[in-house]
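Okay, here's what each chain looks like letter by letter:
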Amino acid sequence: MRFAALPLLFAPLLAQAATLSVCTEASPDGFDVVQYNSLTTTNASADVLMNRLVEFDPTRGELVPSLAERWQVSQDGLTYDFTLRPDVKFHQTDYFKPSRDLNADDVVFSFERMLDPKHPWHGVAKGGYPHAQSMQWPDLIKSVEKVGDHQVRIVLNRPDATFLPTLSMGFASIYSAEYADQLLKAGKPEQLNSEPIGTGPFVFNRFQKDAAIRYEANANYFGGKPKVDNLIYAITPDAAVRMQRLKRGECQVALSPKPQDVTDAQKDSTLKVVQTPAFMTAFVGINTQHAPLDNPKVRQAINLAFDKKNYVKAVFENSATPADGIYPPTTWGYAKDITPYAYDPEKAKALLADAGQKEGFSTTIWTRPSGSLLNPNPSLGAQMLQADLAKIGVKADIRVIEWGELIRRAKNGEHDLLFMGWAGDNGDPDNYLTPQFSCASVKSGLNFARYCDQTLDTAIREGKAVSNQAERTKRYHTAQQIIHDQALWLPLAHPTVSVLTRQGVEGYQANPFGRQDFSKASVRR
């Protein structure tokens, strides 16, 4: 029945030559990206609807202008002066007609709502602002000031070498203060999350949960009108179905394919495989607040018990490399001298005995129902971990939880062992450390290990405070050693970003951070 309905859903869309349909793996949590932390939500909101002051160009490996056409940083590293691009238009829809172009008021609003508890918009995000909190922005940013209509000054309380790159992340997107005022006066602030407004290449049209998101090209986009008139995210949780839709031409792009689908696509003359090494790590987060996982020897035993090479071969089908640490070895600051945990069940048993768990214990493994780039086969991966833990006397029950609920409950610290993945946004090693291992991130929920340690926190904080890369590297080596010794993660794999497209798709590039840019993509018929 489900397949029979597909031609009716897609036929009218495919009749439009300038429509790009993208098969994605899940619905976004919402469209007010600052409230969420999933890449799925960033892809559906920040990447298509919004812009930031600066962007990170992965091809050039550097920050480039976006809404800010230029910027200056004071010698003491505390003051950032941004000059905004003129004539940037906000989206015009049936629910909002902007009366002015983007100006400094919009930038101030976008930051202040996250930073100031007294701001009228601060409490709208019931779950807080996870990225801003984990990045310690409320403590880091002293002020955000409008210097002129197109001049903004941000003053920090202390130097932070990661601040400028962080501005390229999705949560640093700039919103319309005028639209926010309109919603607040109407008593409908929640509408920002369901009817978004931005300055990006595409304009929001409508969203049907677990079915599709429809966007229209922004004819007034400052970067130039996109080459397609319509963009559709066809939400398709099953990777096999995404592949079927791609082959039938119902989608022109399919995200997060299974490794076998990549192999098959390479042999199909109608398809293309677009790839790049990913700045990502698949891992199992170990909740250090739950006994007996609060004992580092138990966490070390879990690392020793899992046959990681066998897991990567079976789940990723050799489309990834086994992870020895928290981020890829090509990352600057990577500590090569740390000896990884080798597969050793007997040593794992001995550690459990030392920890007072000779007879083993019971725990749970949380995973998602559908596959993704960082977890292509959730069921198989969880079963493999379960089986390996059973060999050392640990009984682990598998809990399969819908993605949105999984994220929400994990941020509340309800999990024991959690299959998860992390994608860095800008190539900086701190993009892993602060969100995943800082004390502030325990409060925001992104620290899935739920671990707060002052020595680790100091190493992370000091690494951000100096601009010299060699000095930062020393701090980051200290941090990595602590993370390893405490076994806060069970690192799994560093995948390759693979995106499948029809042969007629041109101008699309895979992004190492998992971000999506369809502004230059076109469909040749």
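Residues numbered from 1 in each chain as written. Predicted model: local features only at pLDDT ≥ 70, side-chain atom pairs only at ≥ 80, totals over all residues. Heavy atoms only, no water.

K.L.:
Quick question: what am I supposed to make of the environment of Lys313 here?
P.N.:
Relative to the assigned elements, Lys313 resides in helix α12 (residues 308-315). By relative accessible area, Lys313 is classed as exposed at 55%. A C-alpha to C-alpha distance of 26 Å links Lys313 and Asp485, two positions 172 residues apart in sequence. (Helix = DSSP H or I, 4+ residues; strand = E, 2+ residues; numbered from the N terminus. Buried < 20%, exposed > 50% of the residue type's maximum accessible area, 1.4 Å probe, protein only.)

K.L.:
How should the sheet that holds strand β4 (residues 68-73) be read in this particular structure?
P.N.:
In sheet architecture, strand pairing relies on hydrogen bonds along the backbone and comes in two forms, parallel and antiparallel. Strands sit in the order β4-β5-β7-β6 across an open sheet of 4 strands; the sheet is antiparallel. Edge positions in the sheet fall to β4 and β6 (141-148), since each of these pairs with one other strand and no more. Averaged over all adjacent pairs, the angle separating strand axes in this sheet is 20°, with direction ignored. Bridging between β6 and strand β7 (residues 151-156) involves 6 bridges; their strand directions are antiparallel. The residue bridging Ser143 from the neighbouring strand is Val155, located in β7. Taken strand by strand, helix α4 (residues 104-115) contacts β5 (79-84), β6 and β7, and its axis lies near 165° from that of β6. (Pairing = 2+ DSSP bridges. Axes fitted to C-alpha atoms, helices over the stretch in contact; angles between N-to-C directions. Contact = heavy atoms within 4.5 Å.)

K.L.:
It is not clear to me how unusual backbone geometry should be interpreted in this structure. Could you clarify?
P.N.:
With the exception of glycine, most residues fall at negative phi, and the peptide bonds are largely trans. Cis peptide bonds are those with omega within 30 degrees of zero, and the linkage from Ala291 to Pro292 qualifies with -5°. Take Pro292: it is sitting in the loop between β13 (280-286) and α11 (296-305). For Ser256, which is not a glycine, the phi torsion comes out positive at approximately 50°. The residue Ser256 is located in the loop between β11 (253-254) and α10 (259-266) in this model. Judged by relative accessible area, Ser256 falls into the buried class, the value being 10%. In the Ramachandran plot, Arg450 falls in the positive-phi region, its phi being about 55° despite a non-glycine side chain. Of note, Arg450 is situated in the loop between α17 (439-444) and α18 (454-465).

K.L.:
How should I be thinking about the state of the cysteines in this particular structure?
P.N.:
Think of a disulfide as a covalent bridge from one cysteine sulfur atom to another cysteine sulfur atom. A full pass over the atoms with the stated rule returns 2 disulfides. Covalently, Cys23 is tied to Cys251 through a disulfide, its sulfur atoms 2.1 Å apart. Taking the sign of the torsion about the S-S bond as the criterion, the disulfide between Cys23 and Cys251, at about 65°, is right-handed. You can see Cys23 sitting in strand β1 (residues 19-24) and its partner Cys251 sitting in the loop between α9 (239-248) and β11, a full 228 residues away along the chain. Across the pair, exposure class does not vary: Cys23 and Cys251 are buried alike. Residue Cys439 pairs covalently with Cys452 via a disulfide, S to S 2.0 Å. For the disulfide bridge between Cys439 and Cys452, the dihedral angle about the S-S bond is near 95°, and by the sign convention the bridge is right-handed. Note that Cys439 is positioned in helix α17 and Cys452 in the loop between α17 and α18, a separation of 13 residues in sequence. Cys439 sits in the buried class, given a relative accessible area of 11%. (Disulfide = S-S within 2.5 Å.)

K.L.:
Help me understand the UniProt feature "domain: Solute-binding protein family" (unreviewed entry) in the protein in this model?
P.N.:
Under the UniProt annotation, the feature "domain: Solute-binding protein family" (unreviewed entry) is placed at residues 62-441. This span, residues 62-441, is 30% helix and 23% strand, and a straight line between its end C-alpha atoms measures 26 Å. (UniProt positions renumbered as here; feature names shortened; annotations may be inferred.)

K.L.:
I would appreciate a short explanation of the packing of aromatic side chains in the present structure.
P.N.:
Any aromatic ring pair is given by two values, namely how distant the centres are and how the planes are angled relative to each other. What the rule picks out here adds up to 25 aromatic pairs. Every member of this aromatic cluster is reached through a ring pair, and the members are Phe56, Phe279, Tyr327, Tyr334, Tyr432 and Phe513. Sitting above the plane of the Tyr175 ring, Arg113 keeps its charged end 5.3 Å from the centroid. Geometry around Trp403 places Arg368 over its ring, the cationic atom sitting 4.3 Å from the centre. (Phe/Tyr/Trp six-rings, centres within 6.5 Å; stacked < 30°, edge-to-face > 60°. Lys NZ or Arg CZ within 6 Å of the ring centre and 35° of its normal.)

K.L.:
Would you mind showing me how to read the side chain of Asn426 here?
P.N.:
Relative to the elements of secondary structure, Asn426 occurs in the loop between β17 (417-423) and α16 (430-437). Within the structure, Asn426 has its side chain in polar contact with the backbone oxygen of Pro165 (distance 3.2 Å). Polar contacts involving the side chain of Asn426 include one to the main-chain amide nitrogen of Asp428, which spans 3.1 Å. With near-sequence residues (within four places) excluded, Asn426 lies in contact with Phe56, Pro165, Thr166, Ser168, Met169, Asn431 and Phe513. (Polar contact = N/O pair within 3.5 Å; in protein donor to acceptor, adjacent residues only side chain to side chain.)

K.L.:
I tried to follow the pairing of strand β16 (residues 395-400) on my own but got confused; where do I start?
P.N.:
Along a regular strand, successive side chains alternate from one face of the sheet to the other. When strand β15 (residues 362-367) meets β16, the two strands line up parallel, connected through 6 bridges. Bridge pairing links Trp366 to Arg399 in β16. Chirality of the crossover, the property in question, places the unit of β15, helix α14 (residues 378-390) and β16 among those that are right-handed. (Right-handed = clockwise from strand over helix to strand, strands pointing away.)

K.L.:
Honestly, the layout of surface pockets in this entry has me stumped. Any pointers?
P.N.:
Rolled over the atoms, a probe sized like a water molecule indicates the empty space that remains. In this structure, the largest pocket spans a volume of roughly 950 Å³. Only β2 (54-57) and β3 (62-65) provide two or more residues apiece to the lining of the largest pocket. Element by element, the count of residues in the lining of the largest pocket is highest for β2, at 3 residues. (1 Å grid on protein atoms, 1.4 Å probe; cavity = no way out; pocket = protein on both sides within 12 Å on 5 of 7 lines; lining within 4 Å. Points joined across faces, edges and corners; volume = space filled by probe spheres on them.)

K.L.:
Before we go on, may I ask you to explain the side chain of Asp57 in this structure?
P.N.:
Its place among the elements puts Asp57 in strand β2. At 3.2 Å, the side chain of Asp57 and the backbone nitrogen of Arg60 are in polar contact. Apart from the residues lying within four places of it in its own chain, the contact partners of Asp57 are Glu62 and Val64.

K.L.:
Could you clarify how one ought to interpret α10 in this entry?
P.N.:
Residues spaced three or four apart along an α-helix point in a common direction, a consequence of the helix completing one turn every 3.6 residues. Every buried residue of α10 is listed here: Pro259, Asp261, Val262 and Ala265. Down the axis, α10 shows its buried residues gathered within 160° of arc, on one side only. Against α9, β12 (271-277), α12 and β18 (489-502) lie the buried residues of α10. (Arc of directions from axis to C-beta.)

K.L.:
Which parts of the structure should I look at to understand the domain arrangement of the protein?
P.N.:
Interface size, as often reported, equals the accessible area lost upon joining of the parts. Partitioning the protein into domains gives domain 1 (17-251 + 503-521) and domain 2 (278-494). Between the C-alpha centres of domain 1 and domain 2 the distance comes to 29 Å. Summing the contributions of domain 1 and of domain 2, the shared interface buries around 2,400 Å²; its carbon and sulfur component is 56%. Viewed at the interface, domain 2 and domain 1 are joined by 2 salt bridges. Asp160 serves as the salt-bridge partner of Lys464, at 3.6 Å between the closest nitrogen and oxygen. Where domain 1 meets domain 2, there are 5 residue pairs in polar contact (both at pLDDT 80 or more). (Domains from an automatic or database assignment. Buried area = accessible area lost by both parts, 1.4 Å probe. Salt bridge = Lys/Arg side-chain N within 4 Å of Asp/Glu carboxyl O.)

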